[in-house]
Amino acid sequence: MTESDEINAMVSDFSRVYILTILHEGPVHGYEIISKFKKVIGKDISPSLVYPFLKKLEEKGLVTYSLKPVGAKKRKVFELTQEGKEFSERLFKRFSELISVALEPSLEICAHCGCKVYEGGYVERIKGRELSFCCVHCAASYKLSLGIK
Ligand SMILES: [Zn+2]
């Protein structure tokens, strides 16, 4: 896979998650998914991604559809099943956890005061253990509390 193939694959995965959020809001027909996607994300989504994905969800019992008249035609209106709702809620939770982990800088906790140490903390080796502190003063207080000078 080239880099742009990989990016496209990631974007398709994201698009599928987003389709699930649209379905999670309530029954929709395929065309509404496509127009809502464009409105919110600002990009076109290919029907060749949307319809096979809906079909796959249907095969897995996560989506069901009914035929509703729209004008002179009948259109499939898709809706999440109970299982589909539970599945997508688990997925959204997992997705938001992943994103918050990705955005959170790697944090250490000050061994003395317990505050979160972003960049530029102070590390000192005390009794053979490497400990992180928010500042040199906390390290001094910590040593004092252990009776180390
Ligand atoms: Zn501290």
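Details of the structure are given in the entry above.
Residues numbered from 1 in each chain as written. Predicted model: local features only at pLDDT ≥ 70, side-chain atom pairs only at ≥ 80, totals over all residues.

1. Thoughts on the overall build of the chain
Here is step 1: Each helix and strand counted, the chain has five helices and seven strands in total.
Here is step 2: In summary, the chain has a C-alpha radius of gyration of 25 Å against a globular reference of 15 Å for 149 residues, an excess of more than 25%.
Here is step 3: Its C-alpha atoms give the chain principal-axis dimensions of roughly 85 × 35 × 25 Å.
Here is step 4: Looking at the 149 residues of the chain, the share that counts as buried comes to 14%.
Here is step 5: Taking the contacts inside the chain whose residues are at least 6 apart along the sequence as the reference set, 34% of them involve residues at least 24 apart. (Helix = DSSP H or I, 4+ residues; strand = E, 2+ residues; numbered from the N terminus. Rg over C-alpha atoms; globule rule 2.2 N^0.38 Å. Buried ≥ 20, exposed ≤ 12 C-beta atoms within 10 Å, placed from the backbone. Contact = placed C-beta atoms within 7 Å.)

2. Quick word on the packing of helix H1 (residues 3-25) against helix H3 (residues 47-59)
Here is step 1: Two elements in contact, H1 and H3, have axes whose closest approach is 11 Å; the angle formed by their N-to-C orientations is 60 degrees. Classed by the angle they form, the pair H1 and H3 counts as oblique. In the packing of H1 onto H3, the handedness of the crossing is right-handed. Here Ser 12, Ser 15, Arg 16 and Ile 19 of H1 come into contact with H3, specifically with Leu 49, Val 50 and Phe 53. (Axes fitted to C-alpha atoms, helices over the stretch in contact; angles between N-to-C directions. Parallel < 35°, antiparallel > 145°, perpendicular 65-115°, else oblique. Left-handed = near helix turned anticlockwise from the far one by under 90°.)

3. A short note on helix H2 (residues 30-41)
Here is step 1: With twelve residues, H2 extends 16 Å from end C-alpha to end C-alpha; this agrees with the ideal 16 Å at 1.5 Å per step.
Here is step 2: One or two steps after H2, the chain reaches Gly 42, where phi turns positive at roughly 80 degrees. (Expected span 1.5 Å × (residues − 1).)

4. Thoughts on the nonpolar core
Here is step 1: The biggest cluster of nonpolar side chains holds 13 residues, and the ones touching the most others in it are Ile 19, Leu 23, Val 50, Leu 54 and Val 63.
Here is step 2: Counting only elements with at least two residues in this core, the list comes to H1, H2, H3 and strand E3 (73-80).
Here is step 3: For Leu 23, the residues in contact, after removing those within four places along its chain, are Val 28, Val 63, Phe 78 and Leu 80. (Core = buried A, V, L, I, M, F, W, Y, C linked by C-beta atoms within 7 Å.)

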